[in-house]
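Below, each chain spelled out in residue letters.
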Amino acid sequence: MYKVNSRNSMRNDCRTKEINGWQKPKSSDGIISHASNTGIDDLKEVLPTNLRCRLGLVTINLKSKDCLRLLGGVLTVIALIVFYNSLTEPSTTSPRRLIQASGESVYPLTKSLAIPNGKKYKIGIITDLDHNSKVKDSLWKSLYLKGYLVIHGGVEFDVQFDSAPIELYSSLGQGGRGMELSELVVFHGHVIAVDDRTGVLYKIMESNAVPWVILSDGPGNSTKGFKCEWASVKDGYLYVGGLGKEWTSTTGEVVNLHPQYVKRVSPEGAVEHLDWHSHYNAMRKKAGFSSPGYMIHESGVWSNVHRRWYFLPRRASTKVYDDKLDERRATNILITCDETFADIQVVQPFGPPSETHGFSSFKFIPATSDRYILALKSEEDNGKIASYIMVLDLKGNMIMREKQIFGSYKYEGVEFV
């Protein structure tokens, strides 16, 4: 006799018949049987013919077959729930869900959508409005425009944008300026935007820009924010780079080498300050723009497929830097480097030439083995502000012609979101 007593008001008293000497049935050769019917028969042998339970003033009588049916029903419901959850995906992209076992984020964050004879990827672009970022004292804004890169038949590309951008606001500024967002990058399940005025890295969450990390200028001992211009993920870290040229006066005198540092940021937000001046100078020399010439970088991407760095310089010249003349020194050059910057290659021409349309951001198009890029160009010429989007292959062939993005805005970051 098994008897369980409780001293509280929910006193249970369940009595079962005594079970003695039960063993799992064996086959004729002495091996324990695993037939499915045997398991059910065993349970019937173990369970009492009648189960009588008293809960308070209520008495419940169950037969063994009723217990089996109840148990089977519960297990069936659990199995269906597990199966359903394995097939369905939440409509929102939770950062916790978007981390692979390797620790790197799923990319792109949103799966491609199937369309007749093709597919489309969700993209986002972000503005650097310079002085126009200011809304009022201690409040600045940037425009975040979403859309799609449409791919037909694997080789034809087009873009579609939403009718209006999302306005992102922040109260963080330096020297009266802020929210001059110059790049977008997916890192560890988040869309990150970088501010080239304050050095703040923002997580873009719905319609909010949430401050995450502040990058100080140069080797990290400056009170000035780092002028972030490009960002890419390599081996689980976020690399954030600057202009890549010496910081000079408006007439070209060297002030410091702070823009030639690169910041390596861990998923937890820890920052390392890497001196890249020799890497930047090696690229500049290989491309034919050694001092007193210069080269300005606003876009750089690491390719896991090719295990190389790729850069599309915005402007370059063999002459000394001049703030006004620089507006008409755009490049059509691709520079690619191995991890050590010992092997540097230059592709020129990379797309059609233009004095005023300079590269400001690009990303490799998913599922193309890093053979095609989606790129942005910006134009700032005598007060004219415009942005353009295009697709090229790694040989510099224009696959989707340059298209102007609506609005007189300078979009400086593009990403597959």
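Attention in this report is confined to the structure presented alongside it.

Moving on to the overall build of the protein chain. A count of helices and strands for the protein chain gives three helices and 29 strands. Across the 417 residues of the protein chain, 44% fall into the buried class. Of the contacts formed within the protein chain by residues at least 6 apart in sequence, a portion of 55% connects residues at least 24 apart. Accessible area of the protein chain: about 21500 Å², with a carbon and sulfur share of 53%.

What follows is about the pairing of strand S7 (residues 156-161). Bridge count for strand S6 (residues 139-152) against S7 is six bridges, and the pairing is antiparallel. Bridge pairing in S7 links Gly-147 to Phe-161.

Now for the sheet that holds strand S11 (residues 200-205). As summarised here, the arrangement of the four strands in space is S9-S10-S11-S12, forming an open sheet in which the pairing is antiparallel. Only two strands of the sheet have a single neighbouring strand rather than two, namely strand S9 (181-187) and strand S12 (208-214). On average, each strand axis in the sheet is inclined to that of its neighbour by 30 degrees, with strand direction left out of account.

All right, on to unusual backbone geometry then. Residue Pro-108 is bonded to the preceding Tyr-107 through a cis peptide linkage, with omega at -10 degrees. For Pro-108, the location among the structural elements is in the loop between helix H2 (64-87) and strand S3 (113-115). The peptide bond linking Gln-348 to Pro-349 adopts the cis configuration, its omega dihedral lying at 5 degrees. Relative to the helices and strands, Pro-349 is located in the loop between strand S24 (344-347) and strand S25 (357-364).

Mapped onto the fold, Pro-366 is located in the loop between S25 and strand S26 (372-381). For Pro-366, the contacting residues outside a window of four places in its chain are Tyr-107, Pro-108, Tyr-121 and Phe-416.

Here we take up the packing of aromatic side chains. If you walk through the whole model with that rule in mind, you get 17 aromatic pairs. Ring geometry for Tyr-121 against Phe-416: centres 5.9 Å apart, planes inclined by 85 degrees, an arrangement best described as edge-to-face. Of this pair, Tyr-121 sits in strand S4 (residues 118-127) while Phe-416 sits in strand S29 (residues 411-416), placing them 295 residues apart in sequence. Here Phe-416 falls in the buried class, since its relative accessible area comes to 1%. Through successive ring pairs, a cluster of aromatic residues spans Trp-230, Tyr-239, Trp-276, Tyr-280, Trp-302, Trp-309, Phe-311 and Phe-341. Sitting above the plane of the Phe-226 ring, Lys-263 keeps its charged end 4.8 Å from the centroid.

Now for the sheet that holds strand S21 (residues 308-311). Strand order in this open sheet of four strands is S20-S21-S23-S24, and the pairing throughout is antiparallel. Edge positions in the sheet fall to strand S20 (300-303) and S24, since each of these pairs with one other strand and no more. Averaged over all neighbouring strand pairs, the angle between strand axes comes to 20 degrees, with direction disregarded. Here S21 pairs with strand S23 (residues 334-337) via three bridges, running antiparallel. Directly across from Trp-309, in S23, lies its bridge partner Cys-337. Helix-sheet contacts for helix H3 (residues 277-287) involve S21, S23 and S24, and the interaxial angle to S24 is about 45 degrees.

Those residues of H3 that fall on the buried side of the exposure criterion are Tyr-280, Met-283, Arg-284 and Ala-287. The buried residues of H3 occupy one face: seen down the axis, they fall within an arc of 100 degrees. Of the residues in H3, the exposed ones pointing more than 90 degrees away from the buried face are Lys-285 and Lys-286. Residue Gly-288 follows H3 closely and has a positive phi angle near 90 degrees.

For the rest of this paragraph, the subject is the pattern of salt bridges. Here the structure, examined in full by the defined rule, presents 30 salt bridges. The residue Arg-315 makes a salt bridge to Asp-326 at a minimum N-O spacing of 3.0 Å. Of this pair, Arg-315 sits in strand S22 (residues 315-317) while Asp-326 sits in the loop between S22 and S23, and the two are eleven residues apart along the sequence. Neither Arg-315 nor Asp-326 differs from the other in exposure class; each is buried. Here the residues in one salt-bridge network are Asp-128, Asp-130, Arg-177, Glu-180, Arg-197, Glu-298, Arg-314, Arg-315, Asp-326, Glu-380, Lys-410 and Glu-412, joined through shared partners.

Rules and cut-offs
Residues numbered from 1 in each chain as written. Predicted model: local features only at pLDDT ≥ 70, side-chain atom pairs only at ≥ 80, totals over all residues. Heavy atoms only, no water. Helix = DSSP H or I, 4+ residues; strand = E, 2+ residues; numbered from the N terminus. Buried < 20%, exposed > 50% of the residue type's maximum accessible area, 1.4 Å probe, protein only. Contact = heavy atoms within 4.5 Å. Areas by Shrake-Rupley, 256 points an atom, 1.4 Å probe, with all protein chains shown as cover. Pairing = 2+ DSSP bridges. Axes fitted to C-alpha atoms, helices over the stretch in contact; angles between N-to-C directions. Phe/Tyr/Trp six-rings, centres within 6.5 Å; stacked < 30°, edge-to-face > 60°. Lys NZ or Arg CZ within 6 Å of the ring centre and 35° of its normal. Arc of directions from axis to C-beta. Salt bridge = Lys/Arg side-chain N within 4 Å of Asp/Glu carboxyl O.

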